[in-house]
Every structure is written in structure tokens, then in C-alpha cells.
Amino acid sequence: MGYMDLDLDTLRWTGVKERTFIAVKPDGVQRKRVGEIVQRFEKKGFKLVGFKLLKASKDLLREHYWEHRNRPFYNRLVTYMSSGPVVAMVWQGQDVVKTGRDMMGKTNPIDSMPGTFRGDFCVEMGRNVIHGSDSVESAQREISLWFKESELCDREVCSNNWIYD
Ligand code: ADP
């Protein structure tokens, strides 16, 4: 998607208003990693603006992973992601997309450093615990796929002056 295709909402999503879509995958939920994942985003200084536990439909997941539709692992991925509830979240803050990706580690846990979610919590790509948007554009697409506008709660946070210069 080019810059000109972005709508006004996306253009507003800059600086401290940047948002990303993070999901704790079914294995992460089953293995009780939700609390620690939420805690690390909170500790970092990001703001939680959307949160829900749901069993995603295969249609939603096929749409979510549309870019991988021709890859050999696509069907397995959709089956894995629909095998149990996921925790879908929206986090907001400066550079949250890139920082969220850094906190996650690489797609393959074997390439992920200790200290990252994938580096600490898992061993295989097909059970890699967490999803995070890879760009501001994908974040907007994914957030609008998983959340209604009315499910997102922006608000003033009193600690902002202690997080941002
Ligand atoms: P990321 O989740 O790090 O953004 P991708 O968008 O490339 O990675 O892939 C989406 C998800 O598909 C991965 O998180 C992983 O669960 C799964 N996946 C990717 N590549 C493979 C693969 N070669 N074999 C099995 N699963 C894969």
C-alpha cells in the first residue's frame, strides 16, 4: 500500500499516537504467557487501547494472513491460529510498531535473542506464541480487521509526562 492510499486515520497514527496490533497466539494463551506479555508492554510505557479474548474464525485468519495465501504453511498456520482462543490487543505509543517487533524477536524462535518473547518462550516457528504488525500500514489493516472502532479506548494517561520528553 502506498502513502497516498492511507486514509486520514492512518495519517493521524504517528508519534505517540502510533498503534500496533499484537496477538497472543493459542499456544501463548494455553501456556499462560498473556500476563507477562501484557506486563512487558506496560512496563515499556505503551498504552493498552484494545484487548479481547476470542476464538478467531478461519475466515478472519485467512484474511489476516492473506499475504501468505500461496505459501506451503498457510493452511497449517490457519489451523494453528484457530486451535484455541487468542488474546487480541492494540497498543499505542511512540514507535510501537518497530519496538513491538523488536520485543517479539524473529519469526523463527531459533533466531530470536533471549529477552524477546520468542527467544524466551518457544522453540518452533509453527508455535511462536505471539503476533505483531510489521508496519504502520499492516497495523491499521489488522486493527480494523480484528476490532470495531467502538472497542478501542483512547484516553489521557497521567504518566505521559514521565514517558515522553
Ligand atoms: P511474523 O509472524 O514474524 O511476522 P510472517 O508474517 O513471515 O512472520 O509469518 C506469519 C506466521 O506464519 C509466523 O509467525 C509463523 O507462525 C508462521 N510461519 C512463517 N513461516 C513459516 C514456516 N516456514 N513454517 C511454519 N510456519 C511459518
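Residues numbered from 1 in each chain as written. Predicted model: local features only at pLDDT ≥ 70, side-chain atom pairs only at ≥ 80, totals over all residues. Heavy atoms only, no water.

1. As for the site of the ligand
Every residue close to the ligand is listed here: Lys25, Tyr65, His68, Phe73, Leu77, Arg101, Thr107, Arg118, Met125 and Asn128. Met125 places a polar main-chain atom, nitrogen or oxygen, 3.0 Å from an oxygen atom of the ligand. Starting from 530 Å² of accessible surface for the ligand in isolation, the protein chains cover 81%. Assessed atom by atom at 2 Å from the grid points, the ligand resides in the largest pocket. Its residues assigned to classes, the shell around the ligand comprises 4 nonpolar, 3 polar and 3 charged. (Near = heavy atom within 4 Å. Polar contact = N/O pair within 3.5 Å; in protein donor to acceptor, adjacent residues only side chain to side chain. Areas by Shrake-Rupley, 256 points an atom, 1.4 Å probe, with all protein chains shown as cover. 1 Å grid on protein atoms, 1.4 Å probe; cavity = no way out; pocket = protein on both sides within 12 Å on 5 of 7 lines; lining within 4 Å. Sits in = over half its atoms within 2 Å of the grid points. Nonpolar A, V, L, I, M, F, W, Y, C, P; charged D, E, K, R; others polar.)

2. Thoughts on the nonpolar core
Where a protein is soluble and globular, its nonpolar side chains tend to be buried together. By size, the foremost hydrophobic cluster in this structure holds 20 residues, and its most contacted members are Phe21, Leu61, Met81, Val90, Ile143, Trp146 and Phe147. Those elements giving two or more residues to this core turn out to be strand 1 (19–24), helix 4 (58–64), helix 5 (74–81), strand 3 (86–92) and helix 8 (136–146). If one sorts the elements of this core by residue count, helix 5 sits on top with 5 residues. When residues no more than four places from it in sequence are discounted, the contact partners of Phe147 are Phe21, Gly50, Phe51, Lys52, Ala88, Met89, Val90 and Leu152. (Core = buried A, V, L, I, M, F, W, Y, C linked by side-chain atoms within 4.5 Å. Buried < 20%, exposed > 50% of the residue type's maximum accessible area, 1.4 Å probe, protein only. Helix = DSSP H or I, 4+ residues; strand = E, 2+ residues; numbered from the N terminus. Contact = heavy atoms within 4.5 Å.)

3. Focus: the side chain of Lys47
Here Lys47 lies in strand 2 (residues 47–54). Looking at Lys47, its side chain comes within polar contact range of the main-chain oxygen of Arg155, at 2.5 Å. Each residue touching Lys47, except ones within four places of it in the same chain, is listed here: Val90, Trp91, Gln92, Asp154, Arg155 and Val157.

4. A short note on the UniProt feature "domain: Nucleoside diphosphate kinase-like" (unreviewed entry) in the protein chain
The UniProt entry lists residues 17–154 under the feature "domain: Nucleoside diphosphate kinase-like" (unreviewed entry), expressed in the numbering used here. Note that residues 17–154 is 41% helix and 17% strand, and that its end C-alpha atoms are spaced 9 Å apart. (UniProt positions renumbered as here; feature names shortened; annotations may be inferred.)

5. What about the confidence of the model for the protein chain?
When the pLDDT values of the protein chain are averaged, the result is 94; 93% of them are 70 or greater. Note on the complex model: pTM 0.93, ipTM 0.98. (pLDDT = per-residue confidence, 0-100.)

6. A few points about the layout of surface pockets
Estimates place the volume of the largest pocket at around 660 Å³. Along its surface, the largest pocket is lined by 26 residues, and Tyr65, His68, Phe73, Leu77 and Thr107 are the ones closest to its centre. Elements represented by at least two residues in the lining of the largest pocket include exactly helix 5, helix 6 (96–104), strand 4 (130–132) and helix 8. Among the residues making up the lining of the largest pocket, the classes are represented as 7 nonpolar, 8 polar and 11 charged. Quantified by volume, the second largest pocket comes out at close to 230 Å³. (Points joined across faces, edges and corners; volume = space filled by probe spheres on them.)

7. Structural notes on the environment of Gly28
Within the secondary structure layout, Gly28 lies in helix 2 (residues 26–30). Since its relative accessible area comes to 0%, Gly28 is described here as buried. For Gly28 and Val49, which are 21 residues apart along the polypeptide, the C-alpha to C-alpha distance reads 20 Å. Filtering out sequence-adjacent residues up to four positions away, Gly28 remains in contact with Arg33, Val34 and Val129.

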